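Each chain, written out:
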Amino acid sequence: GDTLFIGDVGRPDLVGSMGLTSEQMAGQLHDSLRTKILPLEDEVEIWPGHGAGSACGKNMSSERSSTLGAQRLANPMLADMTREEFVARATTGLGAPPRYFSHDASYNRRGAPGLDELPEVGALAPEAVEDAISDGALVLDVRDASAFGAGHVAGALNVGLDGKFASWVGALVPADRALVLAVEDGEGAEEARMRLARVGIETVLGYVEVAAWRASGRALAVLSNVSVEELHDGGRALVLDVRGPGEYADGHVPGALSLPLPDLPERIGEVGLEQPIAVVCQSGYRSSAAASLLAAAGATDLVNVSGGTAAWLAAGYSAERAPASVS
């Protein structure tokens, strides 16, 4: 499975259904790294199965390749330590496994249908979308954060196609929740349906064009996107960092509180929705998803930070490394 990443190693807690504890799997991970991988030459290339933002690790790099020699020097999980120390590190700071993992494991045992067996995704009239929402469907807006912020169906969840789309939808939405895709002029609907099916989500009812929703006279909600300069100069009562614990520990906006995006649906009640909130991640992708969840829950004074922590650091602003969390 996922053994060596760039800057990290695989999570040992994702196969609990096999009857093995996280500690037992971490011990096997340690042995595989030490006896099978580390004895190889420094020139061996590392092509990781996942990168930054994936739920399959804690603090992976966004780089697409490396060498074993480089990882010996830079990967903290390959540092000299005892087996017990490795197990402790590997099993500490893990968020909850994405909710779709167990669903997919069960689905794979039964056997999933082929993509050609799924119904086509057709356009839905705004009236049909309203009926679907009344019946419990969720509008999933697959446009980028900027387009979503400029105008969207109220209550929609924003997960853009330009990122780790399917895995984030799977992490945030129950696999059996009916979905209506919100797209720009029909673009992206078929791609979204296909990518969702790849993680076992086959509940797409159809799509609605945001332009058609607007043309029908129905109101669109907005979400402000602000620059890191605006965040730095204006401040917010709460800066909510929705990256993973490892990313947060490596440096965050001073005073920002940590609430990883996968945990937000279950912990949204811990956030004081009545206060001004700025949501930040690494680039602005995950924070837009988080902001859309907060808006649907009732937050009104809410902004998404474009460019995220990467832009904050690039602007030369100071970072903080002391731990903090929503309480």
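First, a word on what this report is: a plain description of the structure on this page. Keep in mind the model is a prediction, meaning the values are calculated, not measured.

**Thoughts on the overall build of the protein chain**
Part 1 of the argument: A tally of regular secondary structure across the protein chain gives 14 helices and 11 strands.
Part 2 of the argument: In terms of overall dimensions, the protein chain is globule-like: its C-alpha atoms have a radius of gyration of 21 Å, near the 20 Å expected for 327 residues.
Part 3 of the argument: Put simply, the protein chain has 327 residues, and 46% of those count as buried.

**As for the packing of helix α7 (residues 165-172) against helix α13 (residues 285-297)**
Part 1 of the argument: For the pair α7 and α13, interaxial distance at closest approach is 12 Å and the crossing angle is 30°. Between α7 and α13, the interaxial angle falls into the category roughly parallel. The hand of the α7/α13 crossing is right-handed. Side by side, α7 and α13 meet where Phe165, Trp168 and Leu172 of the first sit next to Tyr285, Arg286, Ala289 and Leu293 of the second.
Part 2 of the argument: Of the residues contributing to the contact of α7 with α13, the split by class is 6 nonpolar, no polar and 1 charged.

**Re the pairing of strand β5 (residues 179-183)**
Part 1 of the argument: Counting buried positions along β5 gives 5 out of 5 residues, so the element sits mostly inside the fold.
Part 2 of the argument: In this structure, strand β3 (residues 138-141) lies alongside β5, joined through 4 bridges in parallel fashion. When the sheet's bridge partners are listed, Asp141 is paired in β5 with Ala182.
Part 3 of the argument: Bridging between β5 and strand β6 (residues 204-209) involves 5 bridges; their strand directions are parallel. Bridge pairing links Ala182 to Val208 in β6.
Part 4 of the argument: In the classification by handedness, the crossover that spans β5, the intervening helix α8 (residues 189-197) and the parallel β6 is right-handed.

Reading guide: rules and limits
Residues numbered from 1 in each chain as written. Predicted model: local features only at pLDDT ≥ 70, side-chain atom pairs only at ≥ 80, totals over all residues. Heavy atoms only, no water. Helix = DSSP H or I, 4+ residues; strand = E, 2+ residues; numbered from the N terminus. Rg over C-alpha atoms; globule rule 2.2 N^0.38 Å. Buried < 20%, exposed > 50% of the residue type's maximum accessible area, 1.4 Å probe, protein only. Axes fitted to C-alpha atoms, helices over the stretch in contact; angles between N-to-C directions. Parallel < 35°, antiparallel > 145°, perpendicular 65-115°, else oblique. Left-handed = near helix turned anticlockwise from the far one by under 90°. Contact = heavy atoms within 4.5 Å. Nonpolar A, V, L, I, M, F, W, Y, C, P; charged D, E, K, R; others polar. Pairing = 2+ DSSP bridges. Right-handed = clockwise from strand over helix to strand, strands pointing away.

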